Amino acid sequence: MRVFDFYCYNIIDKVKYSKTKAYIDNMLSELGLEYHNVGFLLHCGKVDDTFKKFPVLQKYCRIEDKNRAPEEYGNRYITSVSEKWYEGMIYSDENDLPIVTEIFSKIPRPYNFSFSKLILDGIDWYGNGDLSLAIKPNEVWKQIVPPLPEAIGSSGIMMERDFDDGNKRNTAWVKIEATTASEPRDTSDIINLLEPYFGKPIHHQRNCYFSQDEYEHNSELSKLFSCEAEQLFTDLVQETPPEYWKEVMNAPMIKDLCGKQTINRIFKKNGINASFPKTGLPGANILLFRDEHNYLYDLLIDRSPSTNSISFRMRIESYNFNVWVSDKRFHLRSKEEAAEKVDELARFVVRLKDRINSRLSDSFGDCPKWFYSRRQKYSYLE
């Protein structure tokens, strides 16, 4: 197993996106560090105009949806990440680095790609480290092209821009391998080293990477437990009766249908003391708590902004598994009915925990404290 820490920063108060690569180059030079591999992604922009100016980039053209016409806006993206990314093919040719650097120095103008990522990998943070990629190679991840960031463990820095970032966000991810011969290391010394340049991280996640055999074993077990959780939900929680869906959909909005205080009171009544991190989204309530095996229970109860309904989903997480209950939606006619539904949900969570958490421990072992130790300091789990 290999372990990587991913730290997320918003460095807009330090540097604009277009000047970020130069800023990182200068930072690494001052710290006596360097990267050895570069990857990139450009999506939702003027692909043809980019190819006219830089024909060599045509070899990096990928189609998002092969069932749609390639020329449709947003269906082509320019990326060094190959469809065989799980074989380690994610970097650009070294000779193309000047072109890639020029484009990223001119985003959002004149290269106004709505989504862009620049990966600067192979930074040997501690010296004499393993700079090879760690990859989640199972079939579920292989189907996602380009892959989600956590699919690939690497040591480096990634610049990221989304379409609505404007002048309020400039996201940078610092990725550090924490693997040692024993318990994974505390990587805060690197974060302290970068603080004069990047400030403090706003989020942290620790990712573990296993062998193919371990992935397949853990994945199959996770699916079995998830199917059991879904069936228990069906048995214990009543769906909205179809005969009054239309009535509820057309009803006036009920103020304070299902707020944080109500949810917290009902869950506490059922024996669950959860924390409520800020989501920044009106009506969205995330509940977090850990059980005696240090598994994290992550629940979402989200009030619809346009109808008298709530949605629910949950995940039980450890370093080597995820068990989930997929999105459910309930249409409601009153605050009293909403409270009853939340009570049903709370009783389901308690019943599920009592039913499977000891068997989860038998199958996967307890979650080690080091998996969440850094996340507590740099995330909404504070």
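Scroll up to find the structure.
Residues numbered from 1 in each chain as written. Predicted model: local features only at pLDDT ≥ 70, side-chain atom pairs only at ≥ 80, totals over all residues. Heavy atoms only, no water.

**A few points about the pattern of salt bridges**
In the structure shown here, the tally under the stated rule is 26 salt bridges. Note that Asp 5 and Arg 206 form a salt bridge whose closest N and O atoms lie 2.7 Å from each other. Taken as a pair, Asp 5 in strand β1 (residues 2-10) and Arg 206 in strand β10 (residues 203-209) lie far apart in primary sequence, 201 residues in all. Across the pair, exposure class does not vary: Asp 5 and Arg 206 are buried alike. A single salt-bridge network, built from bridges that share partners, covers Arg 2, Asp 130 and Glu 177. (Salt bridge = Lys/Arg side-chain N within 4 Å of Asp/Glu carboxyl O. Helix = DSSP H or I, 4+ residues; strand = E, 2+ residues; numbered from the N terminus. Buried < 20%, exposed > 50% of the residue type's maximum accessible area, 1.4 Å probe, protein only.)

**Examining the pairing of strand β14 (residues 322-331)**
As paired elements, strand β13 (residues 309-317) and β14 share eight bridges and run antiparallel to each other. The residue of β14 that forms the bridge with Ser 311 is Arg 329. Hairpin connection from β13 to β14: four residues lie between these consecutive antiparallel strands. (Pairing = 2+ DSSP bridges.)

**A closer look at the sheet that holds strand β4 (residues 76-79)**
Ordered by their spatial adjacency, eight strands build an open sheet running β3-β4-β2-β5-β8-β9-β1-β10, and the pairing between neighbours is antiparallel. The open sheet is flanked by β3 (61-63) and β10, the only strands paired with a single partner. Averaged over neighbouring strand pairs, the angle between their axes works out to 20° when direction is ignored. For strand β8 (residues 156-161) and strand β9 (residues 171-177), the ladder comprises five bridges, and the chain directions are antiparallel. Paired with Glu 160 across the bridge in β9 is Thr 171. Along the sheet face, helix α1 (residues 20-31) touches β5 (115-121) and β8 and points at about 160° away from the line of β8. (Axes fitted to C-alpha atoms, helices over the stretch in contact; angles between N-to-C directions. Contact = heavy atoms within 4.5 Å.)

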